[in-house]
Amino acid sequence: MNKKFDEWNEIKKKTDKNSFSITLKPREIYWLKMGENVGYEQSGKGDKFLRPVIIVKQLNKHLFLGIPTSTTFREESNFFYPFEYRTKKGNIKITALIVQLKVFSVKRVLSKIGMMNKDNFEILLEKSHNLIDPTKR
């Protein structure tokens, strides 16, 4: 697989210059400039390296905790949670990549595309807690 690090680096330089304030709420789903990442870390797609990300928690005005998603269906497990959410264009089926939970800069945020329902979000939080709890497998 060819990685597009040079192309991403140009976008990353412009993204880093962004200076705006945004209030993110848990359960919201946004397009993010994920970039081109190393190894098995989830990368963005397309010429802007985008990927939908679920907002878990805004940590401060600069950072938030998020979970990337994929349109590739994966069976529900400790690492993955498939669900459906509603958009203006209809329902979308995606899989939350819990194993890719991480901190993001708000500079990566592009636009809101939807919201996860409360029941699915509670399940996602429980699975996220289980992922980081060293006593769980």
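Residues numbered from 1 in each chain as written. Predicted model: local features only at pLDDT ≥ 70, side-chain atom pairs only at ≥ 80, totals over all residues. Heavy atoms only, no water.

Undergrad: Please provide a residue-by-residue account of the pairing of strand β3 (residues 63-70), values included.
TA: Counting buried residues in β3 gives six out of eight residues, a clear majority hidden from the surface. Relative to β3, strand β2 (residues 50-58) runs antiparallel, the two sharing five bridges. Paired with I55 across the bridge in β3 is G66. The hairpin turn running from β2 into β3, its antiparallel successor, is four residues long. Bridge count between β3 and strand β5 (residues 90-97): two bridges; the pairing is antiparallel. Within β5, the residue paired with T69 across the bridge is A96. (Buried < 20%, exposed > 50% of the residue type's maximum accessible area, 1.4 Å probe, protein only. Helix = DSSP H or I, 4+ residues; strand = E, 2+ residues; numbered from the N terminus. Pairing = 2+ DSSP bridges.)

Undergrad: Tell me about the pattern of salt bridges, and name the residues and values.
TA: Where charged atoms from two side chains of opposite charge approach closely, those side chains can pair. Under the criterion given, the structure shown has two salt bridges. The residue K112 makes a salt bridge to E28 at a minimum N-O spacing of 3.3 Å. In this pair, K112 sits in strand β7 (residues 109-115) while E28 sits in strand β1 (residues 28-33), placing the two residues 84 residues apart along the sequence. Note that K127 and E76 form a salt bridge whose closest N and O atoms lie 3.3 Å from each other. Here E76 lies in the loop between β3 and β4 (80-87) and K127 lies in helix α2 (residues 118-132), a separation of 51 residues in the sequence. Assessed through its relative accessible area of 13%, K127 is described here as buried. On the basis of relative accessible area, E76 is assigned to the partly exposed category, the value being 46%. (Salt bridge = Lys/Arg side-chain N within 4 Å of Asp/Glu carboxyl O.)

Undergrad: Hey, could you go over the environment of N78 for me, with residue numbers and the actual values?
TA: Here N78 lies in the loop between β3 and β4. Residues N78 and K127 lie 49 residues apart in sequence; the distance between their C-alpha atoms is 6.0 Å.

Undergrad: Break down the environment of I92 for me, citing the residues and quoting the values.
TA: Relative to the assigned elements, I92 resides in strand β5. Judged by relative accessible area, which is 30%, I92 ranks as partly exposed. Taking the C-alpha atoms as reference, I92 lies 8.6 Å from T71; in sequence the two are 21 residues apart. Apart from residues no more than four positions distant in its own chain, I92 is found in contact with F83, E84, Y85 and T87. (Contact = heavy atoms within 4.5 Å.)

Undergrad: Can you break down the packing of aromatic side chains residue by residue, with the values?
TA: For any pair of aromatic rings, the description rests on two quantities: the centre-to-centre distance and the angle between the ring planes. Scanning the model with the defined rule gives four aromatic pairs in all. When the ring of F64 is compared with that of F104, the centres are 5.5 Å apart and the planes differ by 25 degrees; the resulting orientation is stacked. With a gap of 40 residues between them, F64 in strand β3 and F104 in strand β6 (residues 102-105) connect regions that are remote in the sequence. Neither F64 nor F104 differs from the other in exposure class; each is buried. (Phe/Tyr/Trp six-rings, centres within 6.5 Å; stacked < 30°, edge-to-face > 60°.)

Undergrad: Residue-level account of α2, with values.
TA: For α2, with 15 residues, the first-to-last C-alpha span of 21 Å sits near the 21 Å given by 1.5 Å per residue. Among the residues of α2, those classed as buried are N120, F121, L124, L125, K127 and S128. Viewed end-on, α2 has its buried residues packed into an arc of 165 degrees, placing them on one side of the element. When the buried face of α2 is taken as reference, the exposed residues oriented beyond 90 degrees from it are K118, D119, E122, E126 and H129. The elements touched by buried residues of α2 are β2, β3, β4 and β5. (Expected span 1.5 Å × (residues − 1). Arc of directions from axis to C-beta.)

Just distances and angles here, no functional claims.
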